[in-house]
Amino acid sequence: MTKTSEIKEIDFSSNSYLDAYSRINGMVIVGEGLADRHFRHLARLFPADSEELLRLGAMEARHAKDFVGCGRNLGIKADVSLAHKLLAPLHQQFIEAEKKYDFVSCLVIQCLIIECFAIAAYRTYLPVADSYANQITKYVLNDEFEHLNYGEKWLKDRFGQVADEVEMCIRKAVPVTMNLLSILHPDLKAVGMDPGELVAEFAVCFQESLEQVGFLPKNAQKIIRSLMVAQMLAA
Ligand code: PL3
Ligand code: FE2
Ligand code: FE2
């Protein structure tokens with residue numbers, strides 16, 4: 001079955017679609033709002049880049065607002081209660097790292113993990129989105145690379161000093177992120193997304209990102225594989 005025929009089969013007005021969409025939409029809106037907050041924290045942690053980081057945060061606030069519009073366009077109100085619960089552990093890890101002056105982990109959590117997750121989610125959503133949300137998601141997806149690049153560049157410039165910390169943070173924070181997907185699994189399927197494809201997209205994006213930062217391709221692959229295997233065993 002081609003992607004095009006799948007798009008035609010989605011009934012954007014059915015109760016089952018709209019019910020699932022309200023939670024997925026809530027996830028995205030809360031995720032974008034959280035990204036905005038994290039960039040404002042990062043602006044305080046990296047005063048030399050404050051202006052740029054505040055600009056990235058403002059982009060996230062805009063994304064959140066535009067995704068609210070996607071829900072409104074379908075006549076639903078986002079259900080944010082599950083999203084707050086699911087995103088709290090990741091935010092907690094960010095705040096704990098900040099308290100310990102572990103700025104490397106703050107950057108890894110927001111710029112590498114959350115941004116790669118967002119890129120993977122939006123790439124998977126695009127072919128099954130309604131035409132209004134498709135336009136919004138395309139421009140948002142394009143913006144997210146700028147956020148990813150900020151973190152990659154900062155870490156790359158200091159790779160020798162930060163490599164071990166980066167790896168430790170990844171091992172702690174990626175499983176928390178992947179855990180979201182098992183809970184969202186039925187809702188993702190109900191809006192036409194393939195959760196397996198989302199995980200595969202995440203692995204591709206994260207592999208590229210770790211290589212950008214300075215990891216050898218085989219080492220990046222080893223880290224990602226071990227996380228994916230752990231995820232499969234936990235599922
Ligand atoms: C970074 O800029 C924002 C982080 C947002 C995280 C979003 C997580 C989304 C999980 C599943 C969403 C499917 C995509 C649907 C888009 C309406
Ligand atoms: Fe965003
Ligand atoms: Fe972003």
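Residues numbered from 1 in each chain as written. Chains lettered and ligands numbered in written order. Predicted model: local features only at pLDDT ≥ 70, side-chain atom pairs only at ≥ 80, totals over all residues. Heavy atoms only, no water.

Asks: Even after reading the chapter, I still don't get the coordination of the iron ion (ligand 2), so can you show me in this structure?
Replies: The protein atoms donating to the iron ion (ligand 2) are E32 (OE), E32 (OE), E60 (OE), H63 (ND1) and E144 (OE), with metal-donor distances spanning 2.0 to 2.8 Å. Each of the 6 donor atoms bound to the iron ion (ligand 2) contributes to angles spanning 52 to 167°, and the resulting shape is irregular. Sequence spacing of the donor residues for the iron ion (ligand 2), all on one chain, is E-x27-E-x2-H-x80-E. Taken as an interatomic distance, the gap from the iron ion (ligand 2) to the iron ion (ligand 3) is 3.3 Å; E60 donates to each of them. Here E32, found in helix α2 (residues 15-45), pairs with H63, found in helix α3 (residues 50-73); they are 31 residues apart in sequence, far enough to count as distant. Relative accessible area serves as the criterion here: at 3%, E32 is assigned to the buried category. (Donors = N, O, S within 2.8 Å, 3.2 Å for Na, K, Ca; no water. Tetrahedral: all angles 85-135°; square planar, octahedral: opposite > 155°, others 65-115°. Helix = DSSP H or I, 4+ residues; strand = E, 2+ residues; numbered from the N terminus. Buried < 20%, exposed > 50% of the residue type's maximum accessible area, 1.4 Å probe, protein only.)

Asks: Please clarify how the site of ligand 1 should be interpreted in this entry.
Replies: Every one of the 16 residues lining ligand 1 counts as a neighbour, but E32, E60, E115, Y125 and E144 are closest to it. Here an oxygen atom of ligand 1 and a side-chain polar atom of E60 are 2.8 Å apart. Contact distances for ligand 1 include 2.9 Å between an oxygen atom and a side-chain N or O atom of E144. Within the complex, the protein chains bury 99% of what would otherwise be the 530 Å² of accessible surface of ligand 1. (Near = heavy atom within 4 Å. Polar contact = N/O pair within 3.5 Å; in protein donor to acceptor, adjacent residues only side chain to side chain. Areas by Shrake-Rupley, 256 points an atom, 1.4 Å probe, with all protein chains shown as cover.)

Asks: Looking at this model, I keep getting lost on the coordination of the iron ion (ligand 3). Mind explaining?
Replies: Ideal values differ by geometry: the angle at a metal is 109.5 degrees with four tetrahedral donors, but 90 or 180 degrees with six octahedral donors. Protein-derived coordination of the iron ion (ligand 3) comes from E60 (OE), E115 (OE), E115 (OE), E144 (OE) and H147 (ND1), at a distance range of 2.0 to 2.3 Å. Bound by 6 donor atoms, the iron ion (ligand 3) shows angles of 57 to 154° at the metal and therefore irregular coordination geometry. Within one chain, the residues serving as donors to the iron ion (ligand 3) are arranged as E-x54-E-x28-E-x2-H.

Asks: Help me understand helix α9 (residues 217-234), please; the structure alone is not making it clear to me.
Replies: Note that an α-helix has 3.6 residues per turn; residues three or four places apart therefore point the same way. With 18 residues, α9 should reach 26 Å at 1.5 Å per residue; the first-to-last C-alpha distance of 26 Å fits that figure. Inspection of α9 places A220, I223, I224, L227 and M228 among the buried residues, and these make up the whole buried set. Down the axis of α9, the buried set is contained in an arc of 125°. They therefore lie on one face. When the buried face of α9 is taken as reference, the exposed residues oriented beyond 90 degrees from it are K218, K222, R225, M232 and L233. Along its buried surface, α9 packs onto α7 (159-190) and α8 (195-213). (Expected span 1.5 Å × (residues − 1). Arc of directions from axis to C-beta. Contact = heavy atoms within 4.5 Å.)

Asks: Can you help me understand unusual backbone geometry in this one?
Replies: Glycine aside, the phi torsion of most residues is negative, and most peptide linkages are trans. For Y101, which is not a glycine, the phi torsion comes out positive at approximately 60°. Along the polypeptide, Y101 turns up in the loop between α4 (81-99) and α5 (103-125). Y101 sits in the exposed class, given a relative accessible area of 67%.

Asks: Looking at this structure, I do not really get the packing of α5 against helix α6 (residues 131-156). What am I missing?
Replies: Geometrically, a packed helix pair is captured by the angle between its two axes and the distance between the axes. Running from amino to carboxyl end, α5 crosses α6 at an angle of 155°, the nearest separation of the two axes being 9 Å. Classified by the angle between their axes, α5 and α6 sit roughly antiparallel to one another. Here the hand of the crossing between α5 and α6 comes out left-handed. Its residues assigned to classes, the contact of α5 with α6 comprises 17 nonpolar, 3 polar and 4 charged. (Axes fitted to C-alpha atoms, helices over the stretch in contact; angles between N-to-C directions. Parallel < 35°, antiparallel > 145°, perpendicular 65-115°, else oblique. Left-handed = near helix turned anticlockwise from the far one by under 90°. Nonpolar A, V, L, I, M, F, W, Y, C, P; charged D, E, K, R; others polar.)

Asks: Honestly, the nonpolar core in this entry has me stumped. Any pointers?
Replies: The tendency in soluble globular proteins is for nonpolar side chains to be buried side by side. In this structure, Y21, L42, V108, L155, I170, F202 and F206 are the most contacted members of the largest nonpolar core, which totals 85 residues. Those elements giving two or more residues to this core turn out to be α2, α3, α4, α5, α6, α7, α8 and α9. Ranked by the residues each element gives to this core, the list is headed by α5, at 17 residues. Look past the residues within four positions of F202 in its chain and what remains in contact with it is I113, C116, F117, A120, V174, M178 and M228. (Core = buried A, V, L, I, M, F, W, Y, C linked by side-chain atoms within 4.5 Å.)

Purely spatial values, then, with no claim about function.
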